[in-house]
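# A look at the structure
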Amino acid sequence: MDALGNLLLGFSVALTPINLFWCLTGVILGTTVGVLPGLGPAATIAMLLPLTLKMDHTTAIIALAGIFYGARYGGSTTSILLNIPGESSSVVTCLDGYQLARQGRAGAALGISAISSFIAGTIGVFGLMLVAPPLARFALRFAPPEYFALMVLGLAMVVFLAGESMVKALLAMLVGLWISTIGTDLFTAESRFTFGQMKLLGGVDFIAATVGIFALGEVLVNLESRGGAEIFKLAKGFKNLLPTFRDLKDCRFAFLNGSIVGFLVGALPGAGATVASFLSYGLEKAFSRHPQKFGTGVIEGVAAPEAANNADAGGALVPLLTLGIPGGNTTAILLGGLILWGYKPGPLLIQEHPELFWGLVASMYIGNVLLLVLNLPLVPLFAQILRLPYYVLYPLIVGISIVGVYSVNNSLFDVWVMGLFGLLGYLMRKLNFPAAALILGMVLGDALERALRQSLMMSQGELSILIARPISGTLLFLAALILCLPVLRKVRYWRVAAIEREA
Amino acid sequence: MKQRAMLATMIIAGVTALTGGHSWTQEFKPSKQIEGVVHTGPGGGSDLLARAIAEMLQKEKLISQRMQIVNKSGGGSAVAMAYLAEKKGDPHTIGFFTGVWVTNPLTSKEATVTVKDLTPIVRLILEPAVIAVKADSPYKNMNDFIEAAKKSPNQLRQSGGSVTGRDNLMRLLIQKATGAQWTYISFPSGGERLSNLLGGHVQMMVIEPQEAGEHIRAGNLRVIASLTEKRLPSLPNVPTIKEQGIDVTIIPQARGVLAPPDASKEVVQYWEGVFDRFAKSASWKQYVEQNQFEDGYLKGPPLNKFFDELTVLMRGVLKEAGAKVVR
C-alpha cells in the first residue's frame with residue numbers, strides 16, 4: 001500500500017507545530033471570508049501571497065489551501081440566516097436554508113451545513129489522494145460537446161426548481177439565459193446587449209444579481225407585510241440549536257450525492273462549484289420521497305449543495321496538482337504561488353515533490369476536522385442574529401448586501417445592478433416566478449452557449465457531434481429523461497384520476 | 001518661515017492647476033499608498049505579474065510606500081482603462097498594460113479610452129510564444145502541420161483565447177502566408193485551452209514556453225516552432241517559424257506600466273527612475289528567467305513609437321482578419 005506510506009509521510013509534514021498553526025490560521029481566515037459576502041477566497045489568497053514568500057513552501061500551500069476550502073464552509077452562513085449568498089456556490093443553499101431559518105430551524109440548517117461540509121471535504125481529500133492521476137486523465141476526455149451536455153443536464157434541473165408552474169420556471173430560466181449573453185462575445189469580440197454601457201462589457205456580475213434577487217427581493221416583500229412584527233422563531237437552549245439525529249439520517253444520501261457530484265465536477269476545468277451545487281440539489285430532489293417539499297425548508301436541500309461545494313474544492317486541486325491546469329480563479333492564484341515559490345507545476349510535480357503533495361493532502365484531513373470543531377460551536381452564536389427585531393435586521397441585510405457587492409469589484413455600478421435585480425426579485429416573488437430558475441439560467445448560460453458554439457466549430461456545423469460521442473450522448477440522454485419527468489407525473493395523475501372516476 | 005512655505009506651495013498648486021499638471025514642482029515622491037490597476041481578476045496573467053512586481057519593488061526597497069493591486073476587470077481592458085482615465089493627474093496610481101490595451105479600443109466601440117490617452121512609463125517584458133502539438137501527433141515540424149492543413153482544409157483545430165488575441169492573429173498571418181486553413185476555437189481560460197490540446201480535441205496551440213515547459217519535459221507536448229525572431233535559449237533545438245520558411249510578422253505580447261492621463265514630468269521621471277533600477281535588480285532578472293520572458297525594457301519616445309507602430313500593425317491585422325475595427 002504505497003498510498004498509506006505516502007500519507008504517513010504527509011502527516012509527518014502536516015503535524016509539525018508550524019504547519020498545524022498555519023493550517024488553523026488558513027481555515028479560520030477562509031471561514032471568515034466565506035461568511036462575508038463579496039470578499040472571496042481568490043482575492044484573499046492574492047493579497048496574502050507576498051507573505052508566503054518567506055515561509056516554507058509546503059507550509060505556504062497548506063495555509064493558502066486552508067483559505068480555499070475554509071471559505072466553502074463559511075459561504076452558507078449568510079445564505080441560511082439572511083438569504084444573502086456568501087459565495088456563488090452557496091446560492092442554492094438559500095432555497096431551503098433560509099426557509100428553515102424562518103421556521104426557527106436556523107441552527108439545524110447551519111449545523112447540517114457544517115457537518116456535510118466536513119463529510120464532503122474529507123471525501124474530496126480522499127478522492128484527491130486515491131484517484132487524482134486517473135481522474136485527471138478522464139477529465140481530459142471532456143471537450144466542448146461534453147461540457148455542452150453537462151450544462152444541458154444542469155439546465156434540466158429547472159424541472160426541480162419549478163414551483164407551481166413549469167411555464168413560469170421555463171420563462172424565468174430563459175430570462176436568466178438572456179442575461180448571461182450580456183457582455184462581450186468571446187468569439188467575435190463584439191458587444192451584446194450592452195446599450196453603449198462600458199460597464200456592461202464584462203457582463204452582469206453574478207454576485208450582484210443573486211444578492212439583489214435573493215436578499216433585497218426578500219426584504220422588499222417583507223416590508224410590505226409590515227403589519228405583523230413577524231420575528232423569526234428561535235429555539236432556546238444550546239442543544240436545540242443543533243441538528244437532530246433524524247436530520248442526520250435524512251441527509252445520509254445527500255452527503256454522498258453532494259460529495260461525489262462535487263468532486264467529479266470539480267475535477268473538470270471548465271465547470272465549477274456553482275454548477276456542482278445545482279446538480280446535486282436537483283439529484284437530491286429527483287430521488288427524494290417528498291420532492292414537493294423542496295424549497296419549503298427541507299434539511300437535505302441544504303446538505304446536498306453544501307456537500308457539493310466542499311467536495312469541489314478537493315476536485316479542483318486534481319487538475320492543478322497533476323497537470324498544472326487551474327480550473328478557476330482561486331486555483332489559478334495557487335498555481336501562480338507555486339511558480340513564485342520556485343516549483344514547476346505540471347505532470348511531474350507529485351512525483352518530484354511528494355512532501356508538498358502529501359503534506360497538503362494530510363493537512364486537508366486535519367483542516368476539515370479543525371473546521372468542523374470551529375464551526376459547530378459558532379452555529380448557536382450566529383443563529384442569535386435572528387433574535388434581532390425586523391427593523392434592525394432588514395437594514396442590516398441591506399447594509400451587508402451593499403458592502404458585499406461593492407467589495408467584489410469596488411464598483412458602484414454593481415450596487416445599482418443589485419438594486420435593479422432586487423426589484424426584479426420582488427416582482428418575481430409577487431408573481432410567483434421561481435427566482436432559482438433565473439439564477440440557474442444565468443449560471444449555465446455562458447458556458448452552455450460557449451460549449452455549443454465550440455462544438456459546432458469542431459464539427460464544421462454538424463449537430464451530430466453532440467450525440468455521437470459517448471459521454472455527451474449519455475449526459476444528454478439523462479437530461480432528456482429528467483425533462484420527461486413532469487410529463488410522466490402528469491400522465492400518472494390523469495390515470496389515477498381516470499381510475500377514480502371509473503370506480 | 002512656515003507660512004512662506006505654505007504660500008509657495010499654494011502658488012505652485014495654483015500654477016499646476018493653470019497649466020494642467022505640467023509644472024515645475026520639486027522632485028516627486030509618493031506620500032501615500034500606491035494603487036496598481038490591472039484589467040484581470042485575481043489569478044489572471046496580469047494580476048499575477050503585477051503582484052509579483054509590487055512584491056519585488058518593496059523587497060528591493062525601490063518604493064517607500066506600499067503598492068496595492070486593484071482589480072478592474074471587465075470588457076477586455078476597457079474598465080481598467082476608463083478607471084485610469086478618471087484618475088487623471090493622480091500621481092499615486094499606475095496601470096499594468098498588455099497588448100489587449102492596444103487591441104481592445106480598436107474593436108470595441110464602448111472602450112473609448114486608448115493607450116495614447118494615458119501616460120506610458122515603461123515596457124518591461126516581451127512574452128515569447130511557441131507552437132505546440134501533442135507529443136504523439138504526426139507533426140514533427142511546422143511544414144508537416146501546414147501540409148496536413150492544406151490536405152484537409154479546416155479539419156485541424158487550434159485552441160486559443162479571444163479572437164483578437166495574439167494566438168488567433170498569428171494563425172491568420174500564417175494562414176495568409178501559406179494558404180493553409182484550419183479552425184480556431186476560443187476558450188476563456190488557459191486551463192481549458194491546454195486540457196483540450198492534451199485531450200487530443202484540438203491539434204495545435206500557441207502557448208507560452210513557461211506554461212508548456214513541464215509538459216514537454218513529461219513527454220506530453222512537442223514544440224514545433226517558436227514565434228520569435230531568434231531561437232529561445234530554453235528551447236535551442238526548436239527553429240523559429242521564419243527559419244522554417246514562413247515569413248510572417250511576429251506580433252509581440254508586451255507588458256509594462258503606464259500612468260493616468262496628464263501625469264506631470266516629475267511623476268514620469270520618478271517612475272522611470274524606479275523601473276530603471278527595478279529592471280536591473282536581481283529579483284527581477286531571476287523572475288524573467290524563471291518565467292522565460294524576454295527582457296523588453298523600453299521608455300520615453302521609443303516607447304511611444306512602439307505603441308504607435310503596434311496600433312497600426314494591429315489595425316491592419318484585425319482588418320485582414322475580418323474583425324470590425326471601430327477606431
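Quantities reported herein were computed from a predicted structural model and do not represent experimental measurements.

Calculation criteria
- Residues numbered from 1 in each chain as written.
- Chains lettered and ligands numbered in written order.
- Predicted model: local features only at pLDDT ≥ 70, side-chain atom pairs only at ≥ 80, totals over all residues.
- Heavy atoms only, no water.
- Helix = DSSP H or I, 4+ residues; strand = E, 2+ residues; numbered from the N terminus.
- Rg over C-alpha atoms; globule rule 2.2 N^0.38 Å.
- Buried < 20%, exposed > 50% of the residue type's maximum accessible area, 1.4 Å probe, protein only.
- Contact = heavy atoms within 4.5 Å.
- Areas by Shrake-Rupley, 256 points an atom, 1.4 Å probe, with all protein chains shown as cover.
- Lys, Arg positive; Asp, Glu negative; His and termini not counted.
- Charge placed at Lys NZ, Arg CZ, Asp CG, Glu CD.
- Pairing = 2+ DSSP bridges.
- Axes fitted to C-alpha atoms, helices over the stretch in contact; angles between N-to-C directions.
- Phe/Tyr/Trp six-rings, centres within 6.5 Å; stacked < 30°, edge-to-face > 60°.
- Buried area = accessible area lost by both parts, 1.4 Å probe.
- Salt bridge = Lys/Arg side-chain N within 4 Å of Asp/Glu carboxyl O.

### Here we look at the overall build of chain A
Scanning chain A for helices and strands turns up 22 helices and two strands. On C-alpha atoms alone, chain A measures out to a radius of gyration of 23 Å, which is about the 23 Å that the 2.2 N^0.38 rule sets for 503 residues. Across its three principal axes, chain A shows a C-alpha extent of roughly 70 × 65 × 60 Å. Evaluated residue by residue, chain A yields a buried proportion of 59% over its 503 residues. By sequence separation, contacts in chain A at least 24 residues apart represent 79% of the contacts at least 6 residues apart. When the accessible surface of chain A is split by element, carbon and sulfur atoms take 69% of a total near 20,200 Å².

### Here's the deal with the overall build of chain B
Check the secondary structure of chain B and you find eleven helices and eleven strands. In chain B, which comprises 327 residues, the proportion classed as buried is 56%. For chain B, restricting intrachain contacts to residue pairs at least 6 apart in sequence, the fraction spanning at least 24 positions comes to 77%. When the accessible area of chain B is evaluated, it comes to approximately 14,000 Å², of which 53% is carbon and sulfur surface. Distance from the positive charge centre (39 side chains) to the negative charge centre (31 side chains) of chain B: 2 Å.

### Concerning the sheet that holds strand 9 (residues 221-226) of chain B
All names here are of chain B. Within the open sheet, the five strands sit side by side as 7-6-8-5-9. Their pairing is mixed. Where the open sheet ends on each side, the last strands, each with one partner, are strand 7 (183-186) and strand 9. Direction aside, neighbouring strands of the sheet carry axes that sit 30 degrees apart on average. The pairing of strand 5 (residues 130-134) with strand 8 (residues 204-207) spans three bridges and is classified as antiparallel.

### Looking at the packing of aromatic side chains
Residues and elements named next belong to chain B. Applying the stated criterion to the full structure yields 21 aromatic pairs over all chains. Judged by centre distance (5.0 Å) and plane angle (65 degrees), the ring pair of Phe 97 and Phe 307 falls under edge-to-face. Note that Phe 97 is positioned in strand 3 (residues 93-97) and Phe 307 in helix 11 (residues 300-320), a separation of 210 residues in sequence. The exposure classification of Phe 97 matches that of Phe 307, with both residues buried.

### As for the interface of chain B and chain A
Between chain B and chain A, the residue contacts involve 49 residues of the former and 50 residues of the latter. Between chain B and chain A lies a buried interface of about 3,900 Å² when both sides are counted; carbon and sulfur atoms form 62% of it. Together, Glu 110, His 201 and Glu 214 of chain B form the three largest contributors to the area buried by chain B at its contact with chain A, with a combined 15%. In this structure, the connection of chain B to chain A is made through one salt bridge. Of the charged contacts, one joins Glu 352 of chain A and Arg 217 of chain B as a salt bridge, the two residues approaching to 2.9 Å between their closest N and O atoms.

### Quick notes on the environment of Pro 128 of chain B
Residues and elements named next belong to chain B. The residue Pro 128 is located in the loop between strand 4 (119-126) and strand 5 in this model. Among the residues examined, Pro 128 registers a relative accessible area of 4% and is labelled buried. Put simply, Pro 128 and Glu 208 are 80 residues apart on the chain and 6.3 Å apart in space, counted from C-alpha to C-alpha. Excluding its chain neighbours within four sequence positions, the residues that come into contact with Pro 128 are Arg 166, Glu 208, Pro 209, Thr 228, Leu 232, Gln 292, Phe 293 and Glu 294.

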